Amino acid sequence: MIAAERLDHTGATGTGDTRSAPGETVAVRRLTLTDFRNYTALRLDLEPSPVVLIGPNGAGKTNLLEAVSLLTPGRGLRRARIADMDRIPDTGRRDGSVGISGAGWGVAAEVDSIVGPVQIGTGREAGSDRRSVRINGAPSSAQALSGYLGAVWVTPQMNQIFLESAGSRRRFLDRLIFATDPAHAGRVSSYEQAMRDRARLLKDRGPDGADKTWLSALEAQMAERGVAVAAARLDMTDRLGRVAAEGFGPFPGAVVAIEGDIEALLRDGPALAAEDAFRERLAAGRAQDAVAGGAGVGPHRCDLRVRHLEKDMDADQCSTGEQKALLMALVLAHARLLSAERGAVPLLLLDEVAAHLDETRRAALFEAIVEFGTQAWLTGTDESVFAPLAQSAQAYRVAGASLQAMGQATGP
Amino acid sequence: MNEIERVIQLLSRLPGLGPRSARRAALHMINRRESLMQPLAQALKDAGEAIKICGTCGNLDTADPCGVCSNPARDGTILCVVEQVADLWALERTASFKGRYHVLGGVLSAIDGVGPEDLNISALVERCSGEVKEVILATNLTVEGQTTAHYIIERLEPTGVAVTRLAHGVPVGGELDYLDDGTLSAALQARRALG
């Protein structure tokens, strides 16, 4: 709530650019890939300005975006298995097991982060199924990465986001939260851990056979952490909602709301009361949860609802073109929110997005990227689409797992 | 497998050692057979025979009850509950706790198949029916550690002992600017009146 007031305050002055925005740009300055997807070895030295990757389908543009997305917590923008990121052999298809030699992969980066320059390394070590993370050379956890940089991405798969199950919308919302609240990732995963443990207990021993005290201890953990998760999501939707309602140039205004039992409890009363009510509902639902698995109530069931403001229409009823525009409008609203609140915008990874927008919206998107001063990574097949960015971006041609810088006038 | 390979294989099972460091450690010992290897073997043999698990608190010692439980200078009315012996040792290193301990031997985890009956919890409840007045819960701040703490609180309720837990907050020598949000808000909630 305090943050929202601050936003209103600074928002009134225009761009909200009251602090020293330059110098706070979050950017990848050097990216090194080793045996990652189709790259054997790649080193890229970058400016903090937008990055444009142009090349035919299958050249490895999205792989680069995926590598950058792995500098933040989670499974990256493809949500792939860690072993699937091993380098694909040149000679044929993967044998389906664990990559060619099972030798693992690595993504290392030097990043201008929220807290200054940092070296991040992540990858899969040979024989391991887990992703390992190093920060400034010291072993760390993927969750710790959110203390350094955030990234928000839009991929062609997300064009279906308003039609798919609520899970993909929750993940999208959570990613927006990670960018401002590094602890959110930890809360979500510990909530899910407590839920899995309770589900296992109910499955193994049944609602009557399981130790009641143990169950209520797990339910207390779920309630405490689940209410914190719901509160963070409510807070983000409130803050984002204020900015998204204003629209973004030619992008439609959006009404965002979160729908869920726990969120409703939180809106109506204090957090402690919500925790108590959540715990009671979990205890009452044990028999049902033992049969169905999971939990019948909780923040893992909430949904992010989006409406097209001008058309007064739910997002899933809008045309596919309008849905894409709504999604971009939310991403841009989030960037504007963060720019006003903290003067730093997360990395934007926009895979094949520009080509799918009409010309007015594309121009507005490019303008916004330049205005935010964020390192946006854009991919596309057609060079001419990105012509308006020629002066402000660094462009590379991607072909055959290698990159070639496209000088301002001397493109190949 | 010859004797040297067997030593290397056993050493490589130690935490923190892989095959390479196990080979280095083995070579190092072989080069110092009389000054290091044989005394170490003897020490391991002696310890292997002498170490007992304390029947009262679960600590490791050469005597049962252990040195902490049998020390009359320690306050038997305060019990500190820890997950592992390593945690007990960590608290002992501070030399600031004068009560006694209770080692659980793990944490509740349905996924790993660890239930209350696998932990040293019934014995804790039993101990609390005696002279114990306060139980300090010093489990880790993980989901499992906190679930276990919750479980113990409920199990101890009928005994009427006071239950406390370690404070969460600003580390000694820490700077607020560098703390994560979760730690800072925990520290705010757990603030204390001065004077």
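Analysis parameters
Residues numbered from 1 in each chain as written. Chains lettered and ligands numbered in written order. Predicted model: local features only at pLDDT ≥ 70, side-chain atom pairs only at ≥ 80, totals over all residues. Heavy atoms only, no water. Helix = DSSP H or I, 4+ residues; strand = E, 2+ residues; numbered from the N terminus. Buried < 20%, exposed > 50% of the residue type's maximum accessible area, 1.4 Å probe, protein only. Areas by Shrake-Rupley, 256 points an atom, 1.4 Å probe, with all protein chains shown as cover. Contact = heavy atoms within 4.5 Å. Buried area = accessible area lost by both parts, 1.4 Å probe. Salt bridge = Lys/Arg side-chain N within 4 Å of Asp/Glu carboxyl O. 1 Å grid on protein atoms, 1.4 Å probe; cavity = no way out; pocket = protein on both sides within 12 Å on 5 of 7 lines; lining within 4 Å. Points joined across faces, edges and corners; volume = space filled by probe spheres on them. Nonpolar A, V, L, I, M, F, W, Y, C, P; charged D, E, K, R; others polar. Axes fitted to C-alpha atoms, helices over the stretch in contact; angles between N-to-C directions. Parallel < 35°, antiparallel > 145°, perpendicular 65-115°, else oblique. Left-handed = near helix turned anticlockwise from the far one by under 90°. UniProt positions renumbered as here; feature names shortened; annotations may be inferred. Core = buried A, V, L, I, M, F, W, Y, C linked by side-chain atoms within 4.5 Å. Pairing = 2+ DSSP bridges. Phe/Tyr/Trp six-rings, centres within 6.5 Å; stacked < 30°, edge-to-face > 60°.

On a plain count of helices and strands, chain A comes out with 10 helices and 15 strands. Taken across its 412 residues, chain A has 54% of its residues classed as buried. Carbon and sulfur atoms provide 49% of the accessible area of chain A, an area that totals close to 17,500 Å².

Once that is clear, we can look at the interface of chain B and chain A. Taken together, the contact between chain B and chain A spans 18 residues of the former and 19 residues of the latter. When chain B packs against chain A, close to 1,600 Å² is buried across both sides, 59% of that on carbon and sulfur atoms. Of all residues in chain B, Ala110, Ile111 and Val143 of chain B give up the largest surface area on contact with chain A, accounting jointly for 36% of the area buried on that side. Seen at the junction of chain B and chain A, the total is 1 salt bridge.

This part is about empty space enclosed by the protein. All names here are of chain A. Evaluated as defined, the whole model comprises 4 cavities of 30 Å³ or more. Computed from the structure, the largest cavity encloses a volume of approximately 80 Å³. In this structure, the largest cavity is lined by Val154, Thr155, Pro156, Asn159, Lys324, Leu327, Met328, Asp351, Glu352, Val353, His356 and Leu357. Here the element with the most residues in the lining of the largest cavity is helix H9 (residues 320-342); it accounts for 3 residues. Broken down by class, the residue content of the lining of the largest cavity amounts to 6 nonpolar, 3 polar and 3 charged.

Let's shift gears to the packing of helix H5 (residues 212-244) of chain A against helix H7 (residues 143-156) of chain B. Where H5 of chain A meets H7 of chain B, the axes come as close as 8 Å, and the angle between the chain directions of the two elements is 130°. Judged by the angle between their axes, H5 of chain A and H7 of chain B are oblique. Crossing handedness for the pair H5 of chain A and H7 of chain B: right-handed. Across the interface between the two elements, Thr213, Trp214, Ser216, Ala217, Leu218, Ala220, Gln221 and Arg225 of chain A of H5 of chain A pack against Val143, Gln146, Thr147, His150, Tyr151, Glu154 and Arg155 of chain B of H7 of chain B. Of the residues contributing to the contact of H5 of chain A with H7 of chain B, the split by class is 6 nonpolar, 6 polar and 3 charged.

Residues and elements named next belong to chain A. Sites flagged by UniProt as "binding site: ATP" (unreviewed entry) map to Gly55, Pro56, Asn57, Gly58, Ala59, Gly60, Lys61 and Thr62. Apart from the residues lying within four places of it in its own chain, the contact partners of Asn57 are Glu352 and Thr381. Locating Ala59 in the fold gives a position in the loop between strand E3 (51-54) and helix H2 (61-69). Non-local contacts of Ala59, meaning those with residues more than four positions away in its chain, are made with Asn38, Tyr39, Val398, Ala399, Gly400 and Ala401.

Here we take up the nonpolar core. Of all hydrophobic cores here, the largest spans 119 residues; its most connected members are Leu31, Phe251, Met328, Leu365 and Trp377 of chain A. Ignoring sequence-local partners within four residues, the contact set of Met328 of chain A consists of Val154, Phe251, Leu350, Val353, Leu357 and Leu365 of chain A. In terms of nonpolar packing, the next biggest core, distinct from the first, is built from 25 residues, Leu218 of chain A together with Val125, Val132 and Ile152 of chain B among them.

Another point: the sheet that holds strand E4 (residues 104-113) of chain A. All names here are of chain A. Taken together, the 6 strands give an open sheet; going across it, the order is E2-E1-E4-E5-E6-E7, and neighbouring strands pair in antiparallel fashion. At either end of the open sheet lies a strand with only one pairing partner, and these are strand E2 (39-45) and strand E7 (138-140). In this sheet, adjacent strand axes meet at a mean angle of 20° when their direction is disregarded. Bridging between strand E6 (residues 131-135) and E7 involves 3 bridges; their strand directions are antiparallel. Following the sheet pairing, Val133 is matched in E7 by Ser140. Sitting on the sheet, H2 touches strand E1 (27-36), E2 and E4, and the angle it makes with E1 is about 115°.

This brings us to the packing of aromatic side chains. Residues and elements named next belong to chain A. Applying the stated criterion across every chain, the model contains 4 aromatic pairs over all chains. For the pair Phe36 and Trp105, a centre-to-centre distance of 5.3 Å together with 70° between the ring planes defines the contact as edge-to-face. Of this pair, Phe36 sits in strand E1 while Trp105 sits in strand E4, and the two are 69 residues apart along the sequence. Each member of the pair Phe36 and Trp105 is classed as buried.

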